[in-house]
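Next come the chains, spelled out residue by residue.
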Amino acid sequence: MNWDDETTAEAEARLVGGAADGEDQAVEAALRPKSLAEFVGQERVREQLDLVLKAALARGATADHVLLSGAPGLGKTTLSMIIAAEMNAPIRITSGPAIQHAGDLAAILSSLQEGEVLFLDEIHRMSRPAEEMLYMAMEDFRVDVIVGKGPGATAIPLELPPFTLVGATTRAGLLPPPLRDRFGFTAHMEFYEPVELERVIHRSAQLLDVEIEADGAAEIAGRSRGTPRIANRLLRRVRDYAQVKADGLITREVAESALAVYEVDSRGLDRLDRAVLQALLKLFGGGPVGLSTLAVAVGEERETVEEVAEPFLVREGLLARTPRGRVATPAAWAHLGLVPPQAGASGQQGLFGA
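Quantities reported herein were computed from a predicted structural model and do not represent experimental measurements.

## Concerning the pairing of strand β2 (residues 91-95)
Here five bridges tie β2 to strand β3 (residues 117-121), and the two strands are oriented parallel to one another. Of the residues in β3, the one forming a bridge with T94 is L120. Regarding the hand of the β-α-β motif, the stretch spanning β2, helix α5 (residues 102-110) and β3 is right-handed.

Below is the structure:
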């Protein structure tokens, strides 16, 4: 198992992790919007994608290849299914880690129907030989299948029906330029505003037959890290609490009590996030401190702290990465209700000024 797999497993275990576990995948299938009109948020991406798809339909052609990038849980898989639905085409779903050899990709491509949508999740994790085969398939709709080995090997050209590739990645920077340039439309998925997440929560609550008040939805939305997947997951946990501890109606008070049980605070931080901040503030006076030292202090692997906890803390302005190490910001002290040390009090000279 590589570190990508381990950090993904760690993220799946967190209530506020962006990765989807088995339960998430089952529920998301029922909650997913079926058309661009139903899709909440990502207004600019929706508008641009609508033009691309309608123009392709008007020409009677397959849509351009689409690359969707962004953090986990923002709707990349959902959009791929919507693309297929809007084009009245079937969809084939696979992932980069599942394609380890060029032959794996050739088998998938050769079985595609004309106009079919091929969704390739985590496309940046595909093997290099398969990646090079994909270049020709995307551009010329053909692949060369190598038969035999050594000097007697022969390349047999295989024509492919026109298809639309939808690639999804959480790390667009890892895609080589030749692959990135072959996508006709590229979209970056942004984190959601709380008001957009409230719409997501109300829609999901209706589909799940859950009663929820506006202030209850707002409370859940504010702790969802700008991510619909997390919002839906928190909604399900609050629903459970409301059914057992309340009368089934989700109010602000019920949402606050439920999320306190699950250790998700008002800014969406969970146990791991707070452990990192508390170690940084209480043990190291706000930093700077090295990543390895910080990881030891919280009893986690270095990669877990760097890949799982830090991105959200940095995005929230609670932690900064500097050449000297990790440093807490004034917002981190305020969030945990602690007072920053004065200059010279802990050996950290004037981290935040006089």
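## So, the packing of α5 against helix α6 (residues 128-140)
For the pair α5 and α6, interaxial distance at closest approach is 8 Å and the crossing angle is 35 degrees. Here A102, L105, A106 and L109 of α5 lie close against α6, whose contacting residues are P129, A130, M133, L134 and A137. Residue composition of the contact of α5 with α6, by class: nine nonpolar, no polar and no charged.

## Considerations on the sheet that holds β3
Strands sit in the order β2-β3-β6-β1-β7 across an open sheet of five strands; the sheet is parallel. In this open sheet, the two strands that pair with only one neighbour each are β2 and β7 (185-188). Averaged over all pairs of adjacent strands, the angle between their axes in this sheet comes to 15 degrees, without regard to strand direction. Of the strands in this sheet, β1 (66-69) and β7 touch helix α3 (residues 43-59), which is tilted by about 165 degrees from β7. Running over the sheet, helix α4 (residues 76-86) touches β1, β2, β3 and β6 (164-169) and is turned about 175 degrees from β3.

## Here we look at helix α10 (residues 228-245)
Helix length check: α10, at 18 residues, gives a terminal C-alpha distance of 25 Å against a target of 26 Å (1.5 Å per residue), a fit within 8%. Counting buried positions along α10 yields 14 of 18 residues, so the element is predominantly enclosed.

## Section: the pairing of strand β11 (residues 325-328)
Alignment of strand β10 (residues 319-322) against β11, held across four bridges, turns out to be antiparallel. Across the sheet, the residue bridging to T322 is G325, located in β11. Where β10 folds back onto β11 in an antiparallel hairpin, the turn is made up of two residues.

## Focus on unusual backbone geometry
Although it is not a glycine, F141 adopts a positive phi angle of roughly 55 degrees. Looking at the secondary structure, you find F141 in the loop between α6 and β4 (142-147).

## Describing the packing of α3 against α4
Across the interface, α3 lies against α4 with an axial gap of 10 Å and an inter-helix angle of 30 degrees. As far as their axial angle goes, α4 and α3 are roughly parallel. Pair α3 / α4 crosses with right-handed handedness. Residues V45, L49, L53 and L57 of α3 touch α4, and the partners they reach there are L79, I83 and E86. Per-class residue counts for the contact of α3 with α4 are six nonpolar, no polar and one charged.

## A look at the nonpolar core
Ranked by size, the top nonpolar core spans 50 residues in total, and within it L49, L79, I201, I212, I220, V238 and I250 carry the most contacts. Examining the composition of this core, we find that seven residues originate from one element, α10, more than from any other. Here I212 is in contact with I201, H202, A205, A217, I220, L235, L249 and I250, once residues within four sequence places are set aside.

## Quick look at the environment of L318
Mapping L318 onto the fold places it in the loop between α14 (302-315) and β10. We classify L318 as buried; its relative accessible area is 0%. In this structure, the C-alpha to C-alpha distance between L318 and W333, residues 15 residues apart in sequence, is 8.3 Å. Apart from residues no more than four positions distant in its own chain, L318 is found in contact with R267, L269, L277, L313, A328, T329, A331, A332 and H335.

## Concerning the packing of aromatic side chains
Scanning all chains against the criterion turns up one aromatic pair. For the ring pair F141 and F163, a centre distance of 5.5 Å and an interplane angle of 80 degrees mean the geometry is edge-to-face. One end of the pair, F141, is in the loop between α6 and β4; the other, F163, is in the loop between β5 (154-159) and β6, and 22 residues separate them in sequence. The ring of F312 is capped by R225, whose NZ or CZ atom sits 3.9 Å from the centre of that ring. If you follow R315 out to its NZ or CZ, it ends over the ring of F191, 3.5 Å from the centre.

## Thoughts on the side chain of D265
Here D265 lies in the loop between α11 (252-261) and α12 (271-283). Given a relative accessible area of 14%, D265 falls into the buried group. Separated by 3.0 Å, the side chain of D265 and the backbone nitrogen of R267 make a polar contact. Within the structure, the side chain of D265 is placed 2.8 Å from the side chain of H335, a separation counted as a polar contact.

Reading guide: rules and limits
Residues numbered from 1 in each chain as written. Predicted model: local features only at pLDDT ≥ 70, side-chain atom pairs only at ≥ 80, totals over all residues. Heavy atoms only, no water. Pairing = 2+ DSSP bridges. Helix = DSSP H or I, 4+ residues; strand = E, 2+ residues; numbered from the N terminus. Right-handed = clockwise from strand over helix to strand, strands pointing away. Axes fitted to C-alpha atoms, helices over the stretch in contact; angles between N-to-C directions. Contact = heavy atoms within 4.5 Å. Nonpolar A, V, L, I, M, F, W, Y, C, P; charged D, E, K, R; others polar. Expected span 1.5 Å × (residues − 1). Buried < 20%, exposed > 50% of the residue type's maximum accessible area, 1.4 Å probe, protein only. Parallel < 35°, antiparallel > 145°, perpendicular 65-115°, else oblique. Left-handed = near helix turned anticlockwise from the far one by under 90°. Core = buried A, V, L, I, M, F, W, Y, C linked by side-chain atoms within 4.5 Å. Phe/Tyr/Trp six-rings, centres within 6.5 Å; stacked < 30°, edge-to-face > 60°. Lys NZ or Arg CZ within 6 Å of the ring centre and 35° of its normal. Polar contact = N/O pair within 3.5 Å; in protein donor to acceptor, adjacent residues only side chain to side chain.

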